[in-house]
Amino acid sequence: RRKVNPPEVLMEGIVFGESPRWHDGRLWFSDWGAGQVIALDASTGRDQWRASLGTALATGAGSDGRLAAVITSNNEVVAIDAGKEVWRTKLPAQSFTAPLVAGGRVFALAADRSVTAFDGTTVRRLWVQQRPGEPLVLKQSGTLLAVGDTLVAGLSGRLVGINPNNGSIRWE
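Residues numbered from 1 in each chain as written. Predicted model: local features only at pLDDT ≥ 70, side-chain atom pairs only at ≥ 80, totals over all residues. Heavy atoms only, no water.

(A) Just the sheet that holds strand S15 (residues 158-162), in detail. One open sheet accounts for four strands, arranged S13-S14-S15-S16; its pairing is antiparallel. Every interior strand has two partners, whereas the edge strands, strand S13 (144-147) and strand S16 (169-171), have only one. The mean angle between the axes of side-by-side strands here comes to 40°, regardless of whether they run parallel or antiparallel. (Pairing = 2+ DSSP bridges. Helix = DSSP H or I, 4+ residues; strand = E, 2+ residues; numbered from the N terminus. Axes fitted to C-alpha atoms, helices over the stretch in contact; angles between N-to-C directions.)

Below, the structure written as structure tokens:
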């Protein structure tokens, strides 16, 4: 039998830590209650940075290792670079899914069954893909991930492959 080491406490005082993600030696997560996004050095547990956003959060944080993004309880997508807010913009509907950050862009999946792509530096809306929806919306996280050069999203009860450059549907 192998002996299991006891867990190590990396941080205390988190109100409601959510959606931890590992990327390039960092642990990224959001503290919903405190309205913070936090990046820790994965080997030491020390803070790399903290961004206090001044409002409660609705999703975990997404990150590409440089840029991080989160959605607030006010339906705002917030982009963060090195612990500093870069931009903030309102979504047309609530979101319960952490943004996906990839290729210098921020992708947001909203409860109105839309996926919106934003330029990660300028907040310029690049495209929107929206489907008609059912009357029932569950307040839980949906599917939004990168598979190779395809954005895979759950839209209106289907998995859809989207071209991340222009929002066109590749498959469903």
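(B) View of the side chain of Ser-114. Relative to the elements of secondary structure, Ser-114 occurs in strand S11 (residues 114-119). The buried category is assigned to Ser-114, whose relative accessible area is 2%. Ignoring any residue separated from it by four or fewer positions in sequence, one finds Ser-114 in contact with Ala-108, Leu-109, Val-128, Gln-129, Gln-130 and Leu-155. (Buried < 20%, exposed > 50% of the residue type's maximum accessible area, 1.4 Å probe, protein only. Contact = heavy atoms within 4.5 Å.)

(C) Local environment of the pairing of strand S6 (residues 67-71). Taking burial as the measure, the five residues of S6 include five buried ones, the bulk of the element. Both strand S5 (residues 62-63) and S6 contribute to a ladder of two bridges, which runs antiparallel. Bridge pairing in S6 places Ser-63 opposite Ala-68. Here S5 hands over to S6 after three residues, with Gly-65 in that stretch at a positive phi of 100°.

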